[in-house]
Amino acid sequence: MGRSLLSQFLNLSSACPRFRSCSTSSKLQRRLQMVHQNHLPVGGGSYRCYCSVSASEPTVIESSSSSIKKRIVSGVQPTGSIHLGNYLGAIKNWVSLQDKYETLFFIVDLHAITLPYDVQQLSKATKDTAALYLACGVDTSKASVFVQSHVRAHVELMWLLSSATPIGWLNRMIQFKEKSRKAGDENVGVALLTYPVLMASDILLYQSDLVPVGEDQKQHLELTRELAERVNHLYGGRKWKKLGGRGGSIFKVPEPLIPPAGARVMSLTDGLSKMSKSAPSDQSRINLLDSKDAIANKIKRCKTDSYPGLEFDNADRPECNNLLSVYQIITNRTKEEVAQECHDMNWGTFKVVLTDALIDHLHPIQTRYEEIISDTGYLDEVLAEGATKAADIADATLSNMYQAMGFLKR
């Protein structure tokens, strides 16, 4: 999950439309209803969701309309601004997933404190992130949206899971090694080492069937799967039944939902590095709320190369492949169409074309964000309702875990 927290989580299928019951203004109601009905119209076309900047559909397991929908859980940290990589790699895809699966999307604020953060900004950043979820097309009549810390079962289950997690499993985590090296071992908090256990709690609480993950997050999901199997072996089956439980597995072992190759959006300053909130230079990323001038300036100054023409999939031209891929997905076109259009372009021409496309695509998201964030009563109601529904599922799982581990019933 890393700083974006494995894309994890689920939509509570009984979620009902919030717009008729909350105290939003009539103007905001009409705007949000239009968002949910039409999604994000861009450049006259329909807003379609892709998980990958290769603009191909993710390799998901289709759920039969005649069977119970599979559950998916996912979330993004509220530290820093949500950028184009978060949007194209995760949030934009949620719009499609919420129609096929039972989905729950939350703001993972507990993960945001594993490294130094701005205490004064955490609450605001949490609300901003929730508003952007909705502005990007997450429909609260289909998916539940809530704040991680508002469901206390996440922390409770983490402690129980910690007792069953071998320290060696955590010591081998690559991201911990990388982040602790950057922060300095003496200054690293215990939470940075143990946050994969909290991530496992986030997933296992909801008996998730599938977890969307990028290539750099597969190790974290594998730990979650191993931990679920370990707990099932230690406390499930006949052992649990003897304590009055139902027996069998305590946790469902989740499967990865992995986007196609090329799903990562890369930095504007280094085509070999993933676009990241934690990168020291804001020039390296396009934030969803960047102004037109900021977007134009970042694209104008982004790293390119000296080769003639533009092309996909040349290993010697990572920046070229990244920028063409971003252009492809935000214009909802095929790889072949973009390759043909841009093959003979020079960088000066293409940067103007890409800038215009980004501004056109992000403008309606920014407009909707301003409308949503200005109605704090509506946003508070969405988050409260989402947390209530999430807690109903989480508490049932937590109760089973307490029983299977032999605790005295409350």
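Owing to the predicted nature of the structure, the values given are computational and were not obtained by experimental measurement.

Trainee: Sorry if this is basic, but what is going on with the state of the cysteines here?
Mentor: Formally, a disulfide is one covalent bond, and it connects the sulfur atom of one cysteine to the sulfur atom of another. One pass over the full model with this rule turns up zero disulfides. Free cysteine: C342, not disulfide-bonded; nearest cysteine sulfur from C320 at 8.8 Å.

Trainee: Which parts of the structure should I look at to understand the pairing of strand β3 (residues 144-147)?
Mentor: The two faces of a sheet get side chains in turn, since along a regular strand they alternate between them. Here β3 shows no split at all, with S144 and F146 on one side and V145 and V147 on the other all buried. Direction of pairing for strand β2 (residues 102-107) relative to β3: parallel, over a ladder of four bridges. For L104, the partnering residue across the bridge sits in β3 and is S144. Read as a crossover between parallel neighbours, the route from β2 over helix α3 (residues 119-135) to β3 is right-handed.

Trainee: For this particular structure, what's the right way to read unusual backbone geometry?
Mentor: For residues that are not glycine, phi is negative in most cases, and the peptide bond is trans in most cases. In this model, Q207 sits at a positive phi of 50°, which is unusual for a non-glycine residue. Along the polypeptide, Q207 turns up in the loop between α7 (190-204) and β4 (210-212). Positive phi, normally seen in glycine, also occurs at D313, with a value near 60°. Here D313 shows up in the loop between α10 (292-301) and α11 (318-330).

Trainee: Would you take a moment to explain the confidence of the model for the protein chain for this structure?
Mentor: Segments scoring low in pLDDT should not have their predicted coordinates read at a detailed level. Averaged over all residues, the pLDDT of the protein chain equals 83, while 81% of them reach at least 70. By mean pLDDT, the top-scoring element of the protein chain is helix α4 (residues 153-162) (98), and the lowest-scoring one is helix α1 (residues 26-38) (44). Predicted confidence for residues 1-66 stays below pLDDT 50, and this span has 235 contacts to residues more than four positions away or in other chains.

Trainee: When you look at helix α14 (residues 376-404) in this model, what are you seeing that I'm missing?
Mentor: A rise of 1.5 Å per residue sets the reference length of α14, with its 29 residues, at 42 Å; its end C-alpha atoms lie 41 Å apart and thus fit the reference within 8%. Where α14 bends most, at A391, the angle is about 25°. Looking one or two places after α14, you find G406, whose phi comes out positive at around 90°.

Trainee: Help me understand the side chain of N287, please; the structure alone is not making it clear to me.
Mentor: Looking at the element boundaries, N287 is found in the loop between β5 (255-257) and α10. Taking relative accessible area as the criterion, N287 reaches 6% and is therefore assigned buried. In terms of polar contacts, N287 uses its side chain to reach the side chain of D282, at 2.9 Å. If sequence neighbours within four positions are ignored, N287 has contacts with S81, I82, H83, D282, K298 and L362.

Cut-offs and rules
- Residues numbered from 1 in each chain as written.
- Predicted model: local features only at pLDDT ≥ 70, side-chain atom pairs only at ≥ 80, totals over all residues.
- Heavy atoms only, no water.
- Disulfide = S-S within 2.5 Å.
- Buried < 20%, exposed > 50% of the residue type's maximum accessible area, 1.4 Å probe, protein only.
- Helix = DSSP H or I, 4+ residues; strand = E, 2+ residues; numbered from the N terminus.
- Pairing = 2+ DSSP bridges.
- Right-handed = clockwise from strand over helix to strand, strands pointing away.
- pLDDT = per-residue confidence, 0-100.
- Contact = heavy atoms within 4.5 Å.
- Expected span 1.5 Å × (residues − 1).
- Bend = angle between axes of the 7 residues up to and from the residue.
- Polar contact = N/O pair within 3.5 Å; in protein donor to acceptor, adjacent residues only side chain to side chain.

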